[in-house]
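Listed below, chain by chain, are the residues.
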Amino acid sequence: MSFETLMFSRIKDLTIGERALDAPRCQLILMATRTARAIMSSTDKARVRPLVHDFAALSARHFSREEDTLNAQGHGELTEHARLHRRYLDTLTAGVARFEAGQLSREELCVLVEDKLVHHILVVDAPLHASRSGTAPP
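Once a new chain begins, its residue numbering starts again from 1 and follows that chain's sequence as written. Predicted model: local features are reported for residues with pLDDT of at least 70 only, side-chain atom pairs are reported and counted for 80 or more only, and whole-chain, interface and lining totals are derived from all residues. Calculated side-chain values reflect all of the structure's heavy atoms, with hydrogen atoms and water omitted.

> Just give me the short version of the environment of Ala-56, but keep the residues and values in it.
Note on conventions: DSSP H or I runs of at least 4 residues are helices, E runs of at least 2 residues are strands, and numbering of each starts at the N terminus. The topology assignment puts Ala-56 in helix 3 (residues 48-72). Counting along the chain gives 37 residues from Ala-56 to Thr-93, while the straight-line C-alpha distance between them is 8.2 Å. Throughout, a residue-residue contact means that at least one pair of heavy atoms, one from each residue, lies within 4.5 Å. Beyond its immediate sequence surroundings of up to four residues, Ala-56 is in contact with Leu-89 and Leu-92.

> Describe the packing of aromatic side chains, naming the residues involved and giving the relevant values.
Ring pairs are drawn from Phe, Tyr and Trp, using the six-membered ring of Trp, whenever the two centres fall within 6.5 Å, and their geometry is named by plane angle: stacked under 30 degrees, edge-to-face over 60, tilted for the rest. Inspection of the entire model under this criterion finds 1 aromatic pair. Seen from their ring centres, Phe-63 and Tyr-88 are 6.0 Å apart, and the 75 degrees between their planes marks the pair as edge-to-face. Taken together, the residues Phe-63 in helix 3 and Tyr-88 in helix 4 (residues 79-100) connect sequence positions 25 residues apart. Take Phe-63 and Tyr-88: they sit in the same class, and that class is buried. Three exposure classes are used, based on accessible area relative to the maximum for each residue type with a 1.4 Å probe and protein chains only: buried under 20%, partly exposed in between, and exposed over 50%.

> Go over the nonpolar core with me, naming the residues and quoting the values.
Here, nonpolar core means buried Ala, Val, Leu, Ile, Met, Phe, Trp, Tyr and Cys residues that are tied together by side-chain atoms lying within 4.5 Å of each other. Ranked by size, the top nonpolar core spans 25 residues in total, and within it Ile-39, Val-52, Phe-55, Leu-92, Leu-109 and Leu-117 carry the most contacts. Elements with a contribution of two residues or more to this core: helix 2 (19-41), helix 3, helix 4 and helix 5 (106-124). At 7 residues, the largest contribution of residues to this core is made by helix 3. Residues in contact with Leu-109, not counting those within four places in the same chain, are Ile-39, Val-48, Val-52, Gly-95, Val-96, Phe-99 and Leu-104.

So this is what it looks like as structure tokens:
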């Protein structure tokens, strides 16, 4: 089984039945994993900044689409949720700077890229998606 197939089978658990959000979310999680793997395998520190920059750009596009979709579905004011999205992106930028300064390890940078994103999806997004589906958040 390919890595992508294995990852997709696991991240299907993160879907909410909303195609406009599910497919991009799965793509974003795959890209987070690929970015983390590339960071770990890169022997050139200078190569890390563009990797994280590209991932942050993809994340920003996803967050913007998510905010627009949720707003269109009647979730009302998403100011706090949008602020959390911006904080995640700022954390990525700061993480790269700390990594380049020798203040953050590759493993710690990967936590910022991958684990923090999955936490956002599972914990922060859960109440929004639960309200859409009519179920209680986990």
